[in-house]
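Below are the chains, spelled out letter by letter.
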Amino acid sequence: MSSPLPRCTTRAMLVWTLLALLVGAARGEEIDVVLKDGRVLRGGKGYTAGVAEKPQPPGQGAIQQILFVDDYMRRTFVSKRMWREERFLKRGAPRRPFKLRQPVKRFGRTVGFAGLMLHVSPFDEHGRRIVTMQSSNGPVDIVQGITELTPEWVKLGGITLVWETRMATSSLPSDALAKILNNRPGAKSVDGQKSLARFYVQMERYEDAQKVLESLLKKNPDDTDLRAEIEPSLRQVRQLAAQRLVNELKRRRELGQHRLAFDALSNFPSQDVAGEVLQEVRELLAEYERMNADGRRILAALKTLSDELDNDQARAALAPALQEIEQGLGANTLDRMAAFRLAMDDPAMAPAERLALATSGWLLGSNAATANLPNARSAFEVRNLVRQYLVERSEAGRDAILEKLNSQEASAPRTVALLLEHMTPPLAAEPIEGRPGYYELEVPSLDNKPVRYLVQTPPEYDPHRIYPAIVTLHPLGAAPQRQIEFWAGDWDAKGRRAGQAGRQGYLVIAPAWTAEGQRAYAYSAREHAAVLDCLRDACRRFSIDTDRVYLSGHSAGGDAAWDLGLAHPDLWAGVIPIVARADRYCRHYWQNAKYVPFYFIGGEKDGRWIVDNATEFDRYLTHGFNATVVEYLGRGNEHFYEEILRIFDWMDRCRRDFYPREFSCDAMRPWDNFFWWVEVDGLPERSIVDPADWPPRGQRPANIKAFLTPANGLRVRSGAAHATVWLSPKMIDFDQRSKIVIDGKEISRREQYIKPDLATMLEDARTRADRRHPFWAKVETTSGR
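Residues numbered from 1 in each chain as written. Predicted model: local features only at pLDDT ≥ 70, side-chain atom pairs only at ≥ 80, totals over all residues. Heavy atoms only, no water.

Here we look at the overall build of the chain
Basically, it comes down to this: Under the DSSP-based scheme used, a helix requires at least four consecutive residues in state H or I and a strand at least two consecutive residues in state E, with every element numbered from the N terminus. What the globule rule says is 2.2 Å times the number of residues to the power 0.38, and the radius of gyration is computed from C-alpha atoms. Accessibility here uses a 1.4 Å probe with only protein chains present; expressed as a share of the type maximum, an area under 20% marks a residue as buried, one over 50% as exposed, and anything in between as partly exposed. The Shrake-Rupley method, run with a 1.4 Å probe sphere, supplies the accessible areas, and residue values consider only the shown protein chains as cover. Counting rule for charge: Lys and Arg are taken as positive, Asp and Glu as negative, and neither His nor the chain ends is counted. Just so you know, the charge point we use is NZ for Lys, CZ for Arg, CG for Asp and CD for Glu.
A tally of regular secondary structure across the chain gives 22 helices and 29 strands. Relative to the compact-globule value of 28 Å for 785 residues, the chain shows a C-alpha radius of gyration of 30 Å, a close match. By its C-alpha atoms, the chain is 85 × 75 × 50 Å across when sized along the principal axes. Residues counted as buried form 54% of the 785 residues belonging to the chain. Working note: accessible area of the chain is about 35,400 Å², and carbon and sulfur atoms make up 49% of it. Of the side-chain charges in the chain, 109 are positive and 103 negative, and the distance between the mean point of each set is 5 Å.

Considerations on the packing of aromatic side chains
Stated precisely, the cut-off is as follows: A pair of Phe, Tyr and Trp rings is counted when the ring centres sit within 6.5 Å of each other, with Trp represented by its six-membered ring. The angle between the planes then sorts it: under 30 degrees is stacked, over 60 is edge-to-face, the rest tilted. Placement of a charge over a ring requires the Lys NZ or Arg CZ to be within 6 Å of the ring centre, with the centre-to-atom vector within 35 degrees of the ring normal.
Considering all chains together, one arrives at 36 aromatic pairs under this definition. With 6.1 Å between their ring centres and 10° between their planes, Phe734 and Trp776 make a pair best called stacked. In this pair, Phe734 is assigned in the loop between β26 (722-727) and β27 (739-742) and Trp776 in the loop between α22 (758-768) and β29 (777-782), connecting sequence segments 42 residues apart. Of the two residues examined, Phe734 and Trp776, each falls in the buried class. Taken together, the aromatic side chains of Trp562, Trp590, Phe598, Phe600, Trp609, Phe617, Tyr620 and Phe625 make up a single cluster linked through ring pairs. Taking NZ or CZ as reference, Arg336 lies 5.0 Å from the ring centre of Trp362, over its face. The ring centre of Tyr585 lies 3.9 Å from the NZ or CZ of Arg669, which sits over that ring.

Observations regarding the environment of Pro569
In plain terms, the rule: Any two residues whose heavy atoms approach within 4.5 Å are treated as being in contact.
Along the chain, Pro569 turns up in the loop between α17 (556-567) and β18 (574-578). Put simply, Pro569 and Ala593 are 24 residues apart on the chain and 7.5 Å apart in space, counted from C-alpha to C-alpha. Not counting chain neighbours up to four residues away, the residues in contact with Pro569 comprise Asn592, Tyr595, Val596, Cys665, Phe675 and Trp676.

Re helix α6 (residues 258-266)
Worth spelling out the cut-off: As used here, the arc belongs to the directions running from the helix axis to the C-beta atoms.
Those residues of α6 that fall on the buried side of the exposure criterion are His258, Ala261 and Leu265. Considered in projection along α6, the buried side chains sweep an arc of 65° and stay on one side of the axis.

Considerations on the pairing of strand β11 (residues 153-158)
Quick reminder of the rule: For two strands to be treated as a pair, DSSP must find no fewer than two bridges joining them.
Burial analysis of β11 places six of its six residues in the buried class, which makes it a mostly covered element. Residues Trp153, Lys155 and Gly157 point to one face of β11 and Val154, Leu156 and Gly158 to the other, with burial holding for every one of them. Where strand β10 (residues 138-149) lies against β11, five bridges are found, and the strand directions are antiparallel. Bridging from a neighbouring strand, Glu148 pairs with Lys155 of β11. Turn length for the β10-β11 hairpin, with the two strands adjacent in sequence and antiparallel, is three residues. Between the antiparallel neighbours β11 and strand β12 (residues 164-168) lie five residues.

Section: the sheet that holds strand β3 (residues 44-48)
The criterion, for reference: Only the contacting stretch of a helix is used when fitting its axis, a line to C-alpha atoms as for every element, and angles between N-to-C directions run 0 to 180 degrees.
Taking strand neighbours across the sheet as the criterion, the 11 strands line up as β3-β4-β5-β20-β19-β18-β17-β15-β16-β14-β13 in an open arrangement whose pairing is mixed. The open sheet has two free edges, formed respectively by β3 and β13 (438-443), since each of these has just one partner strand. Averaged over neighbouring strand pairs, the angle between their axes works out to 20° when direction is ignored. Here strand β15 (residues 467-473) runs beside strand β17 (residues 544-554); their pairing, made up of six bridges, is parallel. Looking at β17, one finds that Ile470 is bridged to Tyr550. The strands touched by helix α14 (residues 480-488) are β13, β14 (451-456), β15, β16 (507-511), β17 and β18; relative to β14, the strand with the most contacts, the crossing angle is about 20°. Against the sheet, α17 contacts β15, β17, β18 and β19 (598-603), and its axis sits at roughly 140° relative to β17.

Quick word on the layout of surface pockets
Using the following cut-off: Grid spacing is 1 Å over the protein atoms alone, the probe is 1.4 Å, and a cavity is where that probe fits but cannot get out, while a pocket is an open set with protein on both sides within 12 Å along at least five of seven lines and lining residues have an atom within 4 Å of a point. Grid points are joined across faces, edges and corners, and a volume is the space filled by probe spheres set on the points. Residues are grouped as follows: Ala, Val, Leu, Ile, Met, Phe, Trp, Tyr, Cys and Pro are nonpolar; Asp, Glu, Lys and Arg are charged; all remaining types, including Gly, are polar.
Space inside the second largest pocket adds up to approximately 1,100 Å³. Lining the second largest pocket we find 38 residues, and of these Leu532, Asp533, Arg536, Arg540 and Thr767 sit closest to its centre. For the lining of the second largest pocket, the elements supplying multiple residues, two or more each, are α11 (373-391), β13, α16 (525-541), β17 and α22. Ranked by residues supplied to the lining of the second largest pocket, first place goes to α16 with 11 residues. Its residues placed into classes, the lining of the second largest pocket shows 19 nonpolar, five polar and 14 charged.

Side note on the packing of α16 against α17
Selection rule: Any angle that is under 35 degrees is reported as roughly parallel, and any over 145 degrees as roughly antiparallel; angles of 65 to 115 degrees are reported as roughly perpendicular and all others as oblique.
Closest axis-to-axis distance for the α16/α17 pair is 11 Å, and the angle between their directions is 75°. Comparing the axis directions of α16 and α17 gives the class roughly perpendicular. Contact residues: His528, Val531 and Leu532 in α16; Asp563, Leu564 and Ala567 in α17.

Some words on the side chain of Gln257
The condition that has to hold: For the purposes of these results, a polar contact is taken to be a pair of N or O atoms within 3.5 Å, where, inside protein, one atom must be able to donate a hydrogen and its partner to accept one; residues adjacent in sequence count only when each atom of the pair is a side-chain atom.
Topologically, Gln257 is positioned in the loop between α5 (224-254) and α6. Gln257 sits in the buried class, given a relative accessible area of 0%. A polar contact of 2.6 Å, which involves the side chain of Gln257, links it to the side chain of Arg252. Sequence-distant contacts of Gln257, defined by excluding residues within four places in its chain, comprise Arg252, Pro458, Pro459, Glu460, Gly502 and Gly505.

Digging into empty space enclosed by the protein
Applying the stated criterion across every chain, the model contains three cavities of 30 Å³ or more. In this structure, the largest cavity occupies an estimated 60 Å³ of space. Leu390, Val391, Pro426, Leu427, Arg540, Ala765, Arg766, Ala769 and Arg771 together form the lining of the largest cavity. Put simply, the parts of the chain that give the lining of the largest cavity at least two residues each are α11 and α22.

Here we look at the sheet that holds β26
Reading across the sheet, the four strands line up as β22-β23-β26-β29 and stay open at both edges, with antiparallel pairing between neighbours. The open sheet has two edge strands with one neighbour each: β22 (674-675) and β29. Where β26 lies against β29, six bridges are found, and the strand directions are antiparallel. Residue pairing in the sheet places Thr724 in a bridge with Glu780 of β29.

A look at helix α3 (residues 190-203)
Owing to its 3.6 residues per turn, the α-helix aligns residues three or four sequence positions apart on the same side. Short version of the rule: Every helix has an expected span of 1.5 Å times one less than the residues it contains.
Taking 1.5 Å per residue, 14 residues should reach 20 Å; α3 reaches 20 Å between its end C-alpha atoms and fits that length. Burial analysis of α3 places 10 of its 14 residues in the buried class, which makes it a mostly covered element. Looking at α3, one finds that the buried residues are Gly192, Gln193, Lys194, Ser195, Leu196, Ala197, Phe199, Tyr200, Gln202 and Met203. As for α3, its buried residues are in contact with β7 (98-99), β10, α2 (174-182), α4 (206-219) and α5. Count one or two residues on from α3 and you reach Glu204, which has phi positive near 65°.

Re the environment of Val104
Following the sequence through the fold, Val104 ends up in the loop between β7 and β8 (117-120). The buried category is assigned to Val104, whose relative accessible area is 14%. Considered as a pair, Val104 and Thr147 are 43 residues apart in the sequence and their alpha carbons are 8.4 Å apart.

Some thoughts on the nonpolar core
In summary, soluble globular proteins display a tendency toward joint burial of nonpolar side chains. The criterion, for reference: In this text, buried Ala, Val, Leu, Ile, Met, Phe, Trp, Tyr and Cys residues form a nonpolar core when linked through side-chain atoms within 4.5 Å.
Counting residues in each nonpolar core, the largest one holds 156 residues, and the members touching the most others are Phe340, Ile509, Trp562, Trp677 and Leu727. Once residues lying within four places of it in the same chain are set aside, the contact partners of Ile509 are Tyr453, Leu454, Val455, Ala469, Ile470, Val471, Thr472, Leu535, Ala538 and Ile544. In this structure, Ile484, Ala488, Tyr632 and Ile647 belong to the second largest nonpolar core, which totals 31 residues.

A word on the pairing of β17
Among the 11 residues in β17, 11 count as buried, and that is most of the element. As paired elements, β17 and β18 share five bridges and run parallel to each other. Note that in β18 the partner of Gly553 across the bridge is Pro577.

Right under this line is the structure:
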């Protein structure tokens, strides 16, 4: 508890702060640092040669390739190459902090290392709480008190031990914050309440500010001067709250939460709301009315056209498809009917042709709609057979289904790829009773013990729509439920989760990835399979956007996330290790971080977190990788929930590129063998180190390098005994000759064409469970080693 700070001493911290604030202090202005990905970091800006190094004045010391922004609560490090511009923003109303008197310790025992937080009590009305922290001598209680509040951060001081730290003011519940602020001397006076309302406005808690101002008017009904002063402010606050609500509802609408958005728009408050905001509300409601009317017209037209068919057999054959459209048509699927909507009243087209447009558009997307009814009916049959294939467990059963598929008119790989993209998940899942959108599932494991995993879907989950997903790994000794609660929130009184995952439209997957009694992350095949098999099973049961799957973890779960992110960079749109340590394979796979964004979070006093990881952080940042390192000042081993909005902002900007034109990745384990479109087996023995045999004894990672050539070909270098290249039309043109070279061996001669293969496509979609990116063909080679 009283150990000194690592490398970055208290004096160094002062240097950090002074340097960080030099830019932003001039003329009382704030700096917004705008990054190339669009994120904005506000605070004091500086540069450093390493995340754990003492900062040097410009022009002195090593080359400073790392940019940092200090906002008094945390330091955010990114590569200097991420910088785009900076803006100087003049402050509005003065942001005077509220200061509270606390019996804070200035001398004596100091919290040098802040251990794992075991329990944190709520703040009382005096702004004090008790933190129970793990130490080398067991749990210890530390009393903290709030000494200063700003709209952005809260400063806390130690009352029983010397410990200064900060946290986001937004992380305080409204009721707790109100108790603390109203308990200050003079807080109940008119001036005190006005300053409180101003504070809430600066925090953008407009509803709280509105309550304070309305209470002032109610308590002073005869004070005309006060009314004249308060009412304009109250109107402005209501206006701000209304505009933010509109923006929130537009966001919910974009996320497919249409019922919530429509109900809120229908009951939108109008008092003191500007006409342009109310007009925006009316336009949104009118758009919903148009969509509903379009849906009704489409369904009516489908029924009329079906009745007009003069072929009873065709009518009967189309009935299941039309019933499916009737049940699934809504705001999320209306665009599939665009081609039909244009032609549904066209008398020049026969009813059969218009019904074909509707059916094929529903199955394949409007851009692939066809007026050929036999083709549309065949597509429906093929889609059903494809669903059967994806869930069939026996090889003989799959062969029989494949034989039926080959006899269908619409079984061309191009058509099947579109069917896979637009179909709903092939496996079903039943939610836990009384818990909407909450599932408990399991998959087999390598040690024959089922791996349990939990899933929470966002509000109004619709299998016809794809959703980004977070795979989140719990710490040792914790349950996966905690990870669901971190991202999606706990259940409220109405039986709903109100956390950020639902508000942002994300699905959350939490595998129980550890073994009983496990004491550390083991970098093993069992752990990798536990996580990846849960993800694949979830993709078979839920509609997941596989280009937006993010891996996260806390503590040992963060260690696992870091390792899995580097070992399988082709799977993730981003990786978020929280209070994690890099060890073993992470240190050898660092170059793989070039291909997957990372967002690291930790505390300044979490042991040697910043120092122990500094080599890896510095590698990523100085090489210009898309990596973000966030260090909270004075904090230890925590969950850092107040960072969650910035994490979602970052995730919304990250997408996986599943078809990179080139890559070069390192591997040292047999199961780290699939990178985007290259799969290898039998890596050289001089490169393989089993986790049980760690550390390496001279072994160096195998390098798998591949690139697409301008002449419709590709080259792979792996040194493995066996290599498979998986192919897609987004990589090569199957209608043109191609040249594929693997480890110096040309696989396809110049006069040969590679043909798409339905069996390859279906087996790939079944095993990888990525229906958005099925491979159409594959070529293989054996080196003979």
